[in-house]
Protein chains: 4
Amino acid sequence: MRVLGLHGSPRKYGSSFKGLMLALKAAEKYGASTEWISLYDLDIKPCLGCVSEDIKACKYPCIIKDDMIKVYEAVRKADAVIFATPVYWYSPSGVMKNVIDRLTVFENMIHIEGRSWLDGKVAGFIATGNDSGAMFAIAQLMTIMNSMGMIIPPWSMAYTNEMSEPLENRAFVTDALNVGRTVVMMIRALRGEKVDKWYDPELYNWYEKELKEWLVTLVKEEESKAEKPWKSSTS
Amino acid sequence: MRVLGLHGSPRKYGSSFKGLMLALKAAEKYGASTEWISLYDLDIKPCLGCVSEDIKACKYPCIIKDDMIKVYEAVRKADAVIFATPVYWYSPSGVMKNVIDRLTVFENMIHIEGRSWLDGKVAGFIATGNDSGAMFAIAQLMTIMNSMGMIIPPWSMAYTNEMSEPLENRAFVTDALNVGRTVVMMIRALRGEKVDKWYDPELYNWYEKELKEWLVTLVKEEESKAEKPWKSSTS
Amino acid sequence: MRVLGLHGSPRKYGSSFKGLMLALKAAEKYGASTEWISLYDLDIKPCLGCVSEDIKACKYPCIIKDDMIKVYEAVRKADAVIFATPVYWYSPSGVMKNVIDRLTVFENMIHIEGRSWLDGKVAGFIATGNDSGAMFAIAQLMTIMNSMGMIIPPWSMAYTNEMSEPLENRAFVTDALNVGRTVVMMIRALRGEKVDKWYDPELYNWYEKELKEWLVTLVKEEESKAEKPWKSSTS
Amino acid sequence: MRVLGLHGSPRKYGSSFKGLMLALKAAEKYGASTEWISLYDLDIKPCLGCVSEDIKACKYPCIIKDDMIKVYEAVRKADAVIFATPVYWYSPSGVMKNVIDRLTVFENMIHIEGRSWLDGKVAGFIATGNDSGAMFAIAQLMTIMNSMGMIIPPWSMAYTNEMSEPLENRAFVTDALNVGRTVVMMIRALRGEKVDKWYDPELYNWYEKELKEWLVTLVKEEESKAEKPWKSSTS
């Protein structure tokens, strides 16, 4: 069972990063192997909308040759994908939006091979912001990924819409852990395993005992390594 | 396997009715028993928002005593629910919205019993309109039902956003049939059966050969029986 | 200048009520006369979608005879309407949705008289909830009312998406006051007055000095008068 | 009166281009000077979200140095901005989203100078697609631009959600013309002029007589000049 995280924030230590790490760690706990990609580290050009010209012109491989190939290969192998994005103006970040637009070549294989390459994969969502708009952003991601053929398991979302520290926000932490859990439970269900319940509030205790310290340390390390281009503007 | 249709239109022969019938017939084809409820025939009062007062005040049975009991009982028994609504101003009809708000007593059982009564049930969506807004309406329904604990199987939506006859709209017909198919495939998957693919474009041929005539006749009968209060206003 | 508030919550002392009172008091400060209607006190039946049958069948007066006549008369006279709703599942309450659907008879006068009866009126929005979804709800209200012909002045929204007391939430209070201010500024602009700026953060000081005590007292009074049907369920 | 069009499609002869040209020509008819920018011709990098680090770090000039400067300068001078985008997965294109995210430096001047640089400017929207999602995309654009301080005049949107030729779609053509008209009427209103009505269905006749032939020719010329990278993929 492979779970892929796509991270759409320039801040690889911020709220969406924290949420994604929580989800991936929970996914591992339930038996998945995980990896994640920082989309801001890649050069991913915007979609050219070939499908508007000719329904069959949009297919894998995409005519644009850039770092999106890394995303394509990782998504192709994954059983589940967790989309983690900051909420920029009530929506996913522009970088995440470009990645989604470029995934059309997978979805559009339905017109080439009779089947979307995302058909039956499982989706989870993390959207974090300091203000309103998280649910609006998730609504976009969820309808899109379902329209591309993905399964949305129960409780497949975690979000913030206020300024407080996410790692101290019990609801967010529990929800983010359950995003990782629910996508793995769905993969298991598709493999014939029975699922008793889809949300486990007890995961929070595991976080407090075994995960929190590690995660706080990781975040600090990542933050210390990060370039912070905005510093110049405030000095 | 039980599939329930909730129909939120005053016109029991209109586009959303047609879409729902298509979905239910396909669900039957794949082994489910089905029933549907016309929400406009029921007296369903608006939610009183008790949960805003006290998180534990909202629980089954709802303090409002009205026809919603019929919806509660049907949803409780169902493995999957298909929400079929006209698009009124880019959203579900007010009647459908009231039903959704009242379903909070099921979802909120998570705070009473540790588990939503909708947890692990499967959802499908049909939204029909003469103009834009179908996807906006589906985005509302999908995020809500997922937040209540429901599974959204792949391709779980069918919609129209133009004036043409839905039963002549190949994409809509095929999608609506697949809404019925995908919810049943998901129920089967949860019972251990392997699903090869989640969307079958060939269902359209079945419709043309075996379903269309029956459905056209049914719609005519329903329309001839219907009260049409707007007639008086146009005479 | 007349500003009308439509209040779509069963709790006439809750967050959306507070927001609406703030907006209306600010509207008065800038020269408007105000009134508000508690939609939960009225019997407003759901829209019958006549327009789907015949584009000309939907016109004023609506064929449904109920308390909506009070809303119609008040909206007709108003220069601006402020829609104040709790966020129920990322959307306006079902009661508010029914009112909006029923306003179609005003909008649809464009097909009867060549002009929507809402054309050029000004709209403001207040959406309050304990969780995410406020912006999703506002997006629905804003696109709908603009499509019906209303003007959306700058910063015409105030919202909450967390549990804290709204009257202690500086951003919400300031935004809600500015909803009242911006709709009046727009009415004035339409009458030839020049508007220097559309948002005044200083209104918060006025609130603290002259409004807060009065409003806290009003809310207490309203709450003490209110029936609380949910009490029975928690005792 | 200056009206700026921002065009967010790779196809400078497609549906959103047509809609934008209609709007700009109508704006000129009512007295505005116009210009437009093809966003796909610019190198515009994604937002770095500085504001999440420090509310005062995000201000004009943006720390990212790229072609966005052309958009900043044009928006600064404009009285109204028309956002024209294809609908990519129920949302604006990723390129348009990046531009919007980058406009945060204008909006955030409210925290630097007490006033958004978009405060009181007027917005119009064109969103075109072959399928559902136009209203969902417009809802995003409208809430965002209103939150940045822009005025949304009545009927400020035009859209398609089907495959037919937009220039033969009477509703779309009339709506697109009225987007140009309504933004100019709002600028005029803000300058003290009285507006009698905000939507003029008669503009369609003007289009048929004086605009259509010119526009059809322009589109053909633009299309013949365009690079079509997707061609290689279909040969």
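A brief structural summary. Quantities reported herein were computed from a predicted structural model and do not represent experimental measurements.

## Remarks on the interface of chain A and chain C
- In this complex, chain A contributes 11 residues to the contact, which on the side of chain C involves 11 residues.
- Here chain A meets chain C over a buried area of about 980 Å², counting both sides, of which 56% is carbon and sulfur.
- A per-residue breakdown of the area chain A buries against chain C is headed by Ser132, Met135 and Phe136 of chain A, which together make up 46% of the total.
- The tally of links from chain A across to chain C stands at zero salt bridges.
- One can count seven residue pairs in polar contact (both at pLDDT 80 or more) joining chain A with chain C.
- Secondary-structure elements contributing two or more residues to the side of chain A that touches chain C are α6 (134–147) and β5 (157–161) of chain A.
- Broken down by element, the residue count for the side of chain A that touches chain C peaks at four residues, all from α6 of chain A.
- Residue composition of the side of chain A that touches chain C, by class: six nonpolar, three polar and two charged.

## Looking at the relation of the copies chain A and chain C
- Of the two same-sequence chains, chain A is brought onto chain C (RMSD 0.0 Å, axial shift 0.0 Å) by a rotation of 180 degrees. Here the transformation between the copies is reduced to the relation of a two-fold axis. Closest approach to the rotation axis among the C-alpha atoms of chain A is made by Phe136 of chain A, whose C-alpha sits 2.5 Å away.
- A share of 100% of interface residues in chain A that are also interface residues in chain C marks the association as one of identical surfaces.

## Concerning the relation of the copies chain D and chain A
- For the pair chain D and chain A, the relating rotation is 180 degrees, the translation along its axis is 0.0 Å, and the fit reaches an RMSD of 0.0 Å.
- Mapped onto chain A, 100% of the interface residues of chain D are again interface residues, and the two copies thus contact each other with one and the same surface.

## So, the interface of chain D and chain A
- In this assembly, 43 residues from chain D lie in contact with 43 residues from chain A.
- Of the roughly 3600 Å² buried between chain D and chain A, counting both surfaces, carbon and sulfur atoms make up 63%.
- Of all residues in chain D, Glu53, Trp89 and Trp230 of chain D bury the most surface against chain A, accounting for 20% of the area lost on that side.
- Applying the counting criterion to the chain D and chain A interface returns four salt bridges.
- A salt bridge links Glu53 of chain D to Arg11 of chain A; its shortest N-O distance comes to 2.6 Å.
- Along the contact surface separating chain D from chain A lie 18 residue pairs in polar contact (both at pLDDT 80 or more).
- If you list the elements that add at least two residues to the side of chain D that touches chain A, you get α2 (50–53), α4 (94–102), α5 (104–107), α6 (134–147) and α9 (231–234) of chain D.
- Residues of the side of chain D that touches chain A, tallied by class, amount to 21 nonpolar, 13 polar and nine charged.

## Focus on helix α7 (residues 170–190) of chain D
Residues and elements named next belong to chain D.
- With 21 residues, α7 should reach 30 Å at 1.5 Å per residue; the first-to-last C-alpha distance of 30 Å fits that figure.
- Of all 21 residues making up α7, 17 are buried, and the element is well covered by its neighbours.
- One or two positions beyond α7, positive phi appears at Gly192, with a value near 100 degrees.

## Thoughts on the side chain of Arg181 of chain C
Residue and element names in this part refer to chain C.
- By the element assignment, Arg181 lies in helix α7 (residues 170–190).
- For the buried Arg181, no salt bridge is present, and the opposite-charge side chain at shortest range is Asp200, 4.3 Å distant.
- In this structure, Arg181 is in contact with Ala26, Tyr30, Lys197, Trp198, Tyr199, Asp200 and Leu203, ignoring residues within four places of it in sequence.

## Here's the deal with the side chain of Asp119 of chain B
- Note on placement: Asp119 of chain B falls in the loop between α5 (104–107) and β4 (122–129).
- The buried category is assigned to Asp119 of chain B, whose relative accessible area is 9%.
- In contact with Asp119 of chain B, other than residues within four places in its own chain, are Trp155, Lys197, Trp198 and Tyr199 of chain A together with Met148 and Gly149 of chain B.

## Let's talk about the sheet that holds strand β1 (residues 2–7) of chain A
Residues and elements named next belong to chain A.
- Judged by pairing direction, the sheet is parallel, and its five strands sit side by side in the order β2-β1-β3-β4-β5 without closing on themselves. At either margin of the open sheet sits one strand with a lone partner, and together these are β2 (33–38) and β5. Adjacent strand axes in the sheet meet at a mean angle of 15 degrees when their direction is disregarded.
- Bridge count between strand β3 (residues 80–86) and strand β4 (residues 122–129): seven bridges; the pairing is parallel. When the bridges of β4 are listed, Ala84 appears paired with Ile126.

## Some points on the pattern of salt bridges
- Summed over all chains, the structure comprises 56 salt bridges over all chains.
- A salt bridge links Asp41 of chain B to Lys12 of chain B; the nearest nitrogen and oxygen atoms lie 3.0 Å apart. Note that Asp41 of chain B is positioned in the loop between β2 (33–38) and α2 (50–53) and Lys12 of chain B in the loop between β1 (2–7) and α1 (15–29), a separation of 29 residues in sequence.
- The exposure class of Lys12 of chain B is partly exposed, given its relative accessible area of 25%.
- Here Lys212 of chain C makes a salt bridge to Glu168 of chain C, at a shortest N to O gap of 3.2 Å. With Lys212 of chain C in helix α8 (residues 203–225) and Glu168 of chain C in the loop between β5 (157–161) and α7, this pair connects stretches of sequence that are 44 residues apart.

## Digging into the environment of Asp196 of chain B
- As for its placement among the helices and strands, Asp196 of chain B is situated in the loop between α7 (170–190) and α8 (203–225).
- A sequence separation of 11 residues divides Asp196 of chain B from Met185 of chain B, and the C-alpha atoms of the two residues are 9.5 Å apart.

## So, the packing of aromatic side chains
- Applying the stated criterion across every chain yields a total of 46 aromatic pairs over all chains.
- Consider the rings of Tyr60 of chain D and Trp117 of chain D, whose centres lie 5.1 Å apart with planes at 45 degrees: the pair is tilted. Of this pair, Tyr60 of chain D sits in the loop between α2 and α3 (68–77) while Trp117 of chain D sits in the loop between α5 and β4 (122–129); the two residues are 57 residues apart in sequence, bridging distant segments of the chain.
- The residue whose ring lies beneath Arg181 of chain B is Tyr30 of chain B, and the NZ or CZ to ring-centre distance is 5.2 Å.
- In this arrangement the basic side chain of Lys25 of chain C is found over the ring face of Trp214 of chain C, its NZ or CZ atom lying 4.6 Å from the centre.

## So, the packing of α1 of chain B against α7 of chain B
All names here are of chain B.
- Running from amino to carboxyl end, α1 crosses α7 at an angle of 45 degrees, the nearest separation of the two axes being 7 Å. Here α1 is positioned oblique relative to α7, judged by the angle of their axes. Between α1 and α7 lies a crossing whose hand is right-handed. Here Ser15, Gly19, Leu22, Ala23, Ala26 and Ala27 of α1 lie close against α7, whose contacting residues are Phe172, Val173, Ala176, Leu177, Val179, Gly180, Arg181 and Val184.
- Partitioned by chemical class, the residues of the contact of α1 with α7 number 10 nonpolar, three polar and one charged.

Analysis parameters
- Residues numbered from 1 in each chain as written.
- Chains lettered and ligands numbered in written order.
- Predicted model: local features only at pLDDT ≥ 70, side-chain atom pairs only at ≥ 80, totals over all residues.
- Heavy atoms only, no water.
- Contact = heavy atoms within 4.5 Å.
- Buried area = accessible area lost by both parts, 1.4 Å probe.
- Salt bridge = Lys/Arg side-chain N within 4 Å of Asp/Glu carboxyl O.
- Polar contact = N/O pair within 3.5 Å; in protein donor to acceptor, adjacent residues only side chain to side chain.
- Helix = DSSP H or I, 4+ residues; strand = E, 2+ residues; numbered from the N terminus.
- Nonpolar A, V, L, I, M, F, W, Y, C, P; charged D, E, K, R; others polar.
- Least-squares fit on C-alpha atoms with pLDDT ≥ 70 in both.
- Expected span 1.5 Å × (residues − 1).
- Buried < 20%, exposed > 50% of the residue type's maximum accessible area, 1.4 Å probe, protein only.
- Lys, Arg positive; Asp, Glu negative; His and termini not counted.
- Pairing = 2+ DSSP bridges.
- Axes fitted to C-alpha atoms, helices over the stretch in contact; angles between N-to-C directions.
- Phe/Tyr/Trp six-rings, centres within 6.5 Å; stacked < 30°, edge-to-face > 60°.
- Lys NZ or Arg CZ within 6 Å of the ring centre and 35° of its normal.
- Parallel < 35°, antiparallel > 145°, perpendicular 65-115°, else oblique.
- Left-handed = near helix turned anticlockwise from the far one by under 90°.

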